[in-house]
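Results of the structural survey
Spelled out from the first residue to the last, the chains are:
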Amino acid sequence: MIKIVTQSTKKAAFYLQREKVVAIPTETVYGLAGSIYSDKALRTIFELKNRPYYNPLIVHIDGVSSLERVAVNIPQKVYDLAAQFWPGPLTFILEKHPSVSDYITAGRSTVAVRMPNHPLTLELLQKVGAPLAAPSANPFGSISPTTAQHVFSYFKKDLEVILDGGPCEFGIESTIVGFENNELVVYRLGSITLEALESVVGKVSLKTYAEDHPKAPGMLSKHYAPQTPLVLTSQIESLAQQLLGQNVGLILFQKRDLKLPYSIEVLSEKGSFEEAAKHLYDTLHRMDQKGFDLLLIEPFPDEGLGRALNDRLKRASVTETHYTSKNVFCV
Ligand code: TXA
Ligand code: MG
């Protein structure tokens, strides 16, 4: 059903103004966008993604001046952080404006909002003249898309329009923050690191693993997963040795000579977190298509952006004891 893959924001705006859903590029991942003023478009987003209605959406705005259209009682720290990081991958959970639809907030009193940093999407927001609600453009639980091609392969049957802005610059989702007792709390790790946040507002706390009642369902423990079982292991080399002869693919953070007869993908030859983040989802998408029985990936050094990447890998991977099929791997 995809009729249009375009770089024209005019065309994309035309569809959004007619209450349609359009896939949009951002610097993090592609989103499935609808006008925040169209419940019809908002419902379509949930249907397309097969996303439960209890999981709220992020609102994308064209600048700080639009914040008050969607939020009220905005703390000064939001303006301080926005001055530093917007446009960019930082999402705030704020008290919602009464006009914000329950579809967006899942009936909560808060709304998630950010100003994305992609020239086409910023232009689009201006043309549409309304904020856009957009979750990542993937079926619920699967890997987020970082190219128009990923979106196409997920939604070719049901979506009409993709605004193609090329591969995403950062490659993992935005950092989500909120306030508890006036203190900044990080609910989802992302491209803006804890260190970067602390350089603006001082100490922040981290609450990303709430298993029972996640504040942000990006906090659900199983998420961002490929179809092929993915094992996260710090012993990748010895595990690969044990599995010799099996149909296994390996993903390494940086280049080194393993001397093992496997299909090996390297996320960043020179060991850069930024480059690895940019390639991570695309690599998982590609490895997932290759028909392996199992994928092995190693964790990143647990600092800076490496922490956000490890968070995604933990959610994308099976626990070692879960994977027993074909006797490929059983711990
Ligand atoms: O980088 C990103 O954030 C991308 C691009 C498209 O902007 N969007 C994205 O959206 O990752 P999504 O829906 O995949 O993840 C948004 C997360 C979800 O885990 C959702 O539960 C949480 O934000 N969220 C949204 N509104 C919330 C609210 N009011 N309170 C708590 N969590 C909220
Ligand atoms: Mg998502």
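Owing to the predicted nature of the structure, the values given are computational and were not obtained by experimental measurement.

Across its full length, the chain carries 11 helices and 16 strands. Here the chain has a C-alpha radius of gyration of 20 Å; the compact-globule value for 331 residues is 20 Å, and the two agree. Its C-alpha atoms give the chain principal-axis dimensions of about 60 × 50 × 35 Å. The 331 residues of the chain split such that 56% are buried. Taking the intrachain contacts of the chain between residues at least 6 apart in sequence as the baseline, contacts between residues at least 24 apart amount to 65%.

For Q76, the location among the structural elements is in helix α4 (residues 76-85). Residues Q76 and K255, spaced 179 residues apart in sequence, show a C-alpha to C-alpha distance of 44 Å.

What follows concerns the sheet that holds strand β14 (residues 248-252). Reading across from one edge, β13-β16-β14-β15 is the order of the four strands in this open sheet, with parallel pairing throughout. The outermost strands of the open sheet, each flanked by one partner alone, are β13 (230-232) and β15 (263-266). Sheet twist, expressed as the mean angle between neighbouring strand axes with direction ignored, is 20 degrees. Note that β14 and strand β16 (residues 294-297) share four bridges and pair parallel. Within the sheet, the bridge partner assigned to V248 lies in β16 and is L294. Of the strands in this sheet, β13, β14, β15 and β16 are in contact with helix α10 (residues 273-288), which crosses β14 at around 170 degrees.

Attention now moves to helix α1 (residues 9-17). Looking at α1, one finds that the buried residues are T9, A12, A13, Y15 and L16. For α1, the angular spread of buried residues about the axis comes to 160 degrees, placing them on one side. E19 sits one or two positions beyond α1 and adopts a positive phi of about 65 degrees.

Burial analysis of strand β7 (residues 110-114) places four of its five residues in the buried class, the great majority of the element. As paired strands, strand β4 (residues 58-60) and β7 are joined by three bridges and run parallel to one another. Note that in β7 the partner of H60 across the bridge is R114. Both strand β6 (residues 90-96) and β7 contribute to a ladder of four bridges, which runs antiparallel. Bridging across to β7, E95 finds its partner in T110.

This brings us to the environment of L206. Within the fold, L206 resides in strand β12 (residues 205-206). As a C-alpha pair, L206 and P226 span 20 residues in sequence and 26 Å in three-dimensional space. Excluding residues that lie within four positions of it along the chain, L206 makes contacts with V186, L189 and L194.

Attention now goes to the pattern of salt bridges. The final tally for this structure, using the stated rule, is 16 salt bridges. Between R307 and E195 there is a salt bridge, with the nearest N and O atoms lying 3.0 Å from each other. Here E195 lies in helix α8 (residues 194-201) and R307 lies in helix α11 (residues 305-316), a separation of 112 residues in the sequence. Assessed through its relative accessible area of 24%, R307 is described here as partly exposed. Overall, the relative accessible area of 37% leaves E195 in the partly exposed class.

Okay, the nonpolar core next. Taken as a class, soluble globular proteins show a tendency for nonpolar side chains to be buried jointly. With 91 residues, the main nonpolar core has L90, F92, L94, I104, L124, L159 and L197 as its most contacted residues. The biggest single contributor to this core is α10, with seven residues. The contact partners of L94, leaving out residues within four places of it in the chain, are L67, A71, I74, P75, V78, S109, T110, V111, V113 and F179. Within the second largest apolar cluster, 13 residues are counted, among which are L252, L258, L294 and L296.

Every buried residue of helix α7 (residues 148-155) is listed here: A148, H150, V151 and F155. Projected onto a plane normal to the axis of α7, the buried residues spread over an arc of 160 degrees and lie on a single side. Elements that come into contact with the buried residues of α7 comprise β2 (22-24), β3 (31-35), α2 (39-49), β9 (161-163) and α10.

Here we come to the packing of aromatic side chains. Taken as a whole and assessed by the stated rule, the structure comprises eight aromatic pairs. Ring-pair connections join several aromatic residues into one group, and the members of that group are F46, Y53 and Y103. If you follow R18 out to its NZ or CZ, it ends over the ring of F14, 3.7 Å from the centre.

About the thresholds
- Residues numbered from 1 in each chain as written.
- Chains lettered and ligands numbered in written order.
- Predicted model: local features only at pLDDT ≥ 70, side-chain atom pairs only at ≥ 80, totals over all residues.
- Heavy atoms only, no water.
- Helix = DSSP H or I, 4+ residues; strand = E, 2+ residues; numbered from the N terminus.
- Rg over C-alpha atoms; globule rule 2.2 N^0.38 Å.
- Buried < 20%, exposed > 50% of the residue type's maximum accessible area, 1.4 Å probe, protein only.
- Contact = heavy atoms within 4.5 Å.
- Pairing = 2+ DSSP bridges.
- Axes fitted to C-alpha atoms, helices over the stretch in contact; angles between N-to-C directions.
- Arc of directions from axis to C-beta.
- Salt bridge = Lys/Arg side-chain N within 4 Å of Asp/Glu carboxyl O.
- Core = buried A, V, L, I, M, F, W, Y, C linked by side-chain atoms within 4.5 Å.
- Phe/Tyr/Trp six-rings, centres within 6.5 Å; stacked < 30°, edge-to-face > 60°.
- Lys NZ or Arg CZ within 6 Å of the ring centre and 35° of its normal.

Function cannot be inferred from these measures alone, as they are strictly geometric.
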